Amino acid sequence: QVLLVESGGGLVQAGGSLRLSCAASGRAFSTYAIGWFRQAPGNERELVAAITWSGGSTYYADFVKGRFTISRENAKNTVYLQMNSLKPEDTAVYYCAADSFGAVLGGHVKYWGQGTQVTVSS
């Protein structure tokens, strides 16, 4: 069992930065891949970035490459999403999720956080 709690969302102007955190409880956290997903009103949930349990491999959606960075500190049971050069179209609820890397990439994930709102003003 893994409990995930996101934080760090908020309101920022276009071009600004935010860092989201995903804090997890459960001893098995370090064995799970973590993904950051987002969902904007009227849109389907989409994968933004993912990282393997070791941090050795990452994935980024094309629309965030070069702007967002995913990282993890297993000793702190935390995964981060550094978001730079934010755009209004990045506005969404951001969720972290835990499962195998393949499950994360496929969007069929076992454990989800409750989400944190990111709003980017123009």
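Here's what I pulled together on the structure shown here.

Parameters and conventions
Starting from 1, residues in each chain are numbered consecutively following that chain's sequence as written. In keeping with the model being predicted, local features are shown solely for residues with a pLDDT of at least 70 and side-chain atom pairs are shown and tallied solely at 80 or more, while totals for entire chains, interfaces and linings include all residues. As a rule here, side-chain values cover all heavy atoms of the structure and leave hydrogens and water aside. The salt bridge criterion pairs a side-chain nitrogen of Lys or Arg with a carboxyl oxygen of Asp or Glu, the two atoms within 4 Å. Numbering of helices and strands runs from the N terminus, with a helix taken as a DSSP run of H or I at least four residues long and a strand as a DSSP run of E at least two residues long. Only protein chains enter the accessibility calculation, which uses a 1.4 Å probe. A residue is then buried if its area is under 20% of the maximum for its type, exposed if over 50%, and partly exposed in between.

Considerations on the pattern of salt bridges
Under the definition given, this model contains 5 salt bridges. Between arginine 38 and aspartate 90 there is a salt bridge, with the nearest N and O atoms lying 2.9 Å from each other. Here arginine 38 is found in strand E4 (residues 33–39), whereas its partner aspartate 90 is found in the loop between strand E8 (78–83) and strand E9 (92–99), with 52 residues between them in sequence. For arginine 38, a relative accessible area of 7% gives the class buried. Here aspartate 90 falls in the buried class, since its relative accessible area comes to 1%.

Digging into unusual backbone geometry
Glycine aside, negative phi is the norm for most residues, and most peptide bonds take the trans geometry. Of note in this structure, asparagine 77 is not a glycine but carries a positive phi near 50 degrees. Along the polypeptide, asparagine 77 turns up in the loop between strand E7 (68–73) and E8. For serine 85, which is not glycine, the phi torsion reads 50 degrees and is therefore positive. Looking at the element boundaries, serine 85 is found in the loop between E8 and E9.

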